[in-house]
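Residues per chain are reported as follows:
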Amino acid sequence: MIEYADIVCGLAWGDEAKGKITSELAGSGEYDFVCRWAGGNNAGHTVFVDGKKYKTHLVPSGVFHGVTSVIGPGCVVHENSLMAEIRYLEKNGFDISKVKVSPRAHIVSRLHIDEDAEKLAKKLGTTSKGIAPCYADKMARKGVLAKDVIPYWMMWDENLSGKVLCEGAQGIWLDVDFGNYPYVTSSTTLPHGACSLGFPIQMIRNIWGAAKVYDTRSGVDPDFPESLLNDPELLKIADLGHEFGVTTGRRRKVNWLNLNKLIKAINFTGTTHIVLSKTDVIESAKLFKLHHNEHKVFDSLTEMTTYITDRITESCPTITKIKFSNSPTSI
């Protein structure tokens with residue numbers, strides 16, 4: 001039986017530094033497991049360990065700290081990509097015996113990838129990783145399970161105990177039910193989805209919500225029009241923030257923080273601790289703007305972060321901690 005579960009989830013459209021937060025929490029020595037509950041290698045996490053940058057796409061960030069890292073039953077796994085990631089981790093000195101895959105996870109095939117590339121990528125801005133077709137086969141009861149494909153030594157025994165940290169993929173506004181459908185991912189990004197790992201909702205202790213002090217979006221979405229790529233101020237932020245996808249390398253669209261949506265995301269997820277990253281980017285750009293009922297401009301970073309803190313505090317009853325992060329290496 002587990003003692004409690006803490007959850008890291010995205011409060012926007014992905015790319016919110018969930019991997020950084022998960023890595024720092026996992027490095028505290030507090031947790032016995034770090035688990036992914038949804039998505040596939042369409043996600044990308046960048047973390048810094050001892051000053052060195054590492055990138056993963058499916059393996060949870062606990063592996064960087066010697067913590068058992070589980071790819072859960074709600075995930076989809078492309079075998080060759082997973083094994084390439086395992087080789088990458090082993091080459092960099094990490095204990096790959098800590099990586100476990102749920103026997104109930106589903107396998108992404110070459111046919112899934114081809115279908116994604118041919119039918120979905122251009123229309124919906126998918127990553128062409130075969131994620132949606134794999135989930136479609138899962139729901140049609142014709143999928144292939146990990147237990148029939150992945151090496152036995154990587155199989156998770158489906159037991160959790162002690163203290164568990166759950167690592168989300170993508171963000172709330174990409175959720176298949178609550179995002180701007182059909183411009184969404186193919187699984188639930190909401191923190192309650194972590195219970196699919198095998199624990200009751202009463203075991204959830206803290207929910208760490210991740211966001212930036214400006215909004216970004218990869219792929220196609222009418223709410224992020226192509227015109228954003230022509231705004232010189234937003235392009236400046238994008239360049240300073242190195243806003244390119246970990247998985248695809250494509251440029252992300254940048255917009256000013258929509259504080260109304262952020263507050264809604266906090267309340268919808270029950271976030272208790274929020275980390276807003278990349279304050280150093282807008283400080284370097286000297287651009288302090290956001291949307292909250294109307295467009296707002298501030299004279300300094302302190303003025304803007306104070307405004308954000310006050311609005312979140314008065315509007316979000318579950319929040320107990322608000323943290324602004326200006327470093328890619330820690331929270």
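Residues numbered from 1 in each chain as written. Predicted model: local features only at pLDDT ≥ 70, side-chain atom pairs only at ≥ 80, totals over all residues. Heavy atoms only, no water.

J.: Help me get a handle on the nonpolar core, residues and values and all.
T.: Residues L160, F199, I237, L262 and I312 are the most contacted members of the largest nonpolar core, which totals 64 residues. Among all residues touching F199, those that are not within four sequence positions of it are I2, A5, L160, C166, A194 and I204. (Core = buried A, V, L, I, M, F, W, Y, C linked by side-chain atoms within 4.5 Å. Buried < 20%, exposed > 50% of the residue type's maximum accessible area, 1.4 Å probe, protein only. Contact = heavy atoms within 4.5 Å.)

J.: Outline the sheet that holds strand 10 (residues 204-212), supporting the account with residue identities and numerical values.
T.: Strand-to-strand pairing in sheets goes through backbone hydrogen bonds, with the strands running parallel or antiparallel. With parallel pairing, the 8 strands of this open sheet are ordered in space as 7-5-2-9-1-10-13-16. Edge positions in the sheet fall to strand 7 (99-101) and strand 16 (321-324), since each has one partner strand and no second. Averaged over neighbouring strand pairs, the angle between their axes works out to 20° when direction is ignored. Contacts between helix 1 (residues 18-26) and the sheet are confined to strand 1 (2-10), strand 2 (33-36), strand 9 (162-167), strand 10 and strand 13 (273-277), with strand 1 contributing the most and set at about 155° to the helix. Against the sheet, helix 9 (residues 301-315) engages strand 13 and strand 16, with an angle of about 160° to strand 16. (Pairing = 2+ DSSP bridges. Helix = DSSP H or I, 4+ residues; strand = E, 2+ residues; numbered from the N terminus. Axes fitted to C-alpha atoms, helices over the stretch in contact; angles between N-to-C directions.)

J.: Kindly report on the packing of aromatic side chains, identifying the contributing residues and their values.
T.: Scanning the model with the defined rule gives 6 aromatic pairs in all. Ring geometry for F298 versus Y307: centroids 5.3 Å apart, planes at 50°, classification tilted. The burial state of F298 is the same as that of Y307; both residues are buried. Ring pairs connect the aromatic residues Y54, F64 and F94, which therefore count as one cluster. (Phe/Tyr/Trp six-rings, centres within 6.5 Å; stacked < 30°, edge-to-face > 60°.)

J.: How would you explain the sheet that holds strand 11 (residues 214-217) if you had to name every residue and give the values?
T.: On the basis of which strands lie adjacent, the open sheet formed by 4 strands has the order 11-12-14-15 and mixed pairing. Two strands bound the open sheet, and with one partner strand each, they are strand 11 and strand 15 (294-297). Between one strand axis and the next, the sheet turns through 40° on average, direction left out of account. Relative to strand 14 (residues 289-292), strand 12 (residues 253-258) runs parallel, the two sharing 2 bridges. The partner of N258 across the bridge, within strand 14, is H291.

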